[in-house]
Amino acid sequence: MALLPILHFPDPRLQKVAAPIERIDDEVRRLAADMAETMYAAPGIGLAATQVDVHRRLIVIDISEAHDQLITLINPRILGQSADTQECEEGCLSVPGIFDEVERPAQVEIEALGLDGQAFRLKAEGLLAVCVQHEMDHLEGIVFVDHLSRLKRNRIVSKLRKQQHKVL
Ligand code: K1U
Ligand code: ZN
């Protein structure tokens, strides 16, 4: 297994729309394992393939404290979402050090394939619902800061550009 480098906002590669996975082969299984390792090491509670510069529809999520409830979602799609919303503070491994409130549907139901190729449905609420929607946004080329005002987003871009210049 390997730790994968994570793209940082405002890298334009984070805006790419991911393509469906046609076949679950060893390459996909290896990518899923590497993404899980990268997510746990970060540490984070989710990671989309887009963030590691692979533009395919694959997500890993584990919101458990014990890191023993890994969910792998291949080609996830939303079947339904609640009209009621929740506002939650979000962070992102691609936007280090930035946290802000985002409002999203409080419950979602999704369908996806697992690594065994079987379709399954997942009803999510609370933090899991937030994380699923945040990661599915990544597959569409959307980063959580795109949900914030232009003023806030511009401030975040300048802050991150300054930080990136410091390390280069
Ligand atoms: O997409 C990502 O970069 C992962 C992101 C997921 C996420 C977090 C919070 C709300 C919505 C989506 C993260 O994991 S950021 C790190 C984080 O939140 C965290 C890290 C360690 C323990 C608990 C949370
Ligand atoms: Zn993210």
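Draft legend 1. Structural context of the site of ligand 1. Around ligand 1 sit 13 residues in total, of which Ile45, Gly46, Gln51, Leu93 and Glu135 are the nearest. In this structure, His134 approaches ligand 1 through a side-chain N or O atom, which is 3.0 Å from an oxygen atom. His138 places a side-chain nitrogen or oxygen 3.4 Å from an oxygen atom of ligand 1. If ligand 1 stood free it would expose 530 Å²; the protein chains cover 77% of that surface. No other element matches the four residues that helix H2 (residues 126–139) contributes to the shell around ligand 1. Taken together, the residues that form the shell around ligand 1 break down as five nonpolar, six polar and two charged.

Draft legend 2. Summary view of the coordination of the zinc ion (ligand 2). Surrounding the zinc ion (ligand 2) are the protein donor atoms Cys92 (SG), His134 (NE2) and His138 (NE2), which sit 2.1 to 2.3 Å from the metal. Spacing between the donor residues of the zinc ion (ligand 2) along their common chain follows C-x41-H-x3-H. Here Cys92, found in the loop between strand S4 (85–90) and strand S5 (100–105), pairs with His134, found in helix H2; they are 42 residues apart in sequence, far enough to count as distant. We note that Cys92, like His134, is buried.

Criteria and thresholds
Residues numbered from 1 in each chain as written. Chains lettered and ligands numbered in written order. Predicted model: local features only at pLDDT ≥ 70, side-chain atom pairs only at ≥ 80, totals over all residues. Heavy atoms only, no water. Near = heavy atom within 4 Å. Polar contact = N/O pair within 3.5 Å; in protein donor to acceptor, adjacent residues only side chain to side chain. Areas by Shrake-Rupley, 256 points an atom, 1.4 Å probe, with all protein chains shown as cover. Helix = DSSP H or I, 4+ residues; strand = E, 2+ residues; numbered from the N terminus. Nonpolar A, V, L, I, M, F, W, Y, C, P; charged D, E, K, R; others polar. Donors = N, O, S within 2.8 Å, 3.2 Å for Na, K, Ca; no water. Buried < 20%, exposed > 50% of the residue type's maximum accessible area, 1.4 Å probe, protein only.

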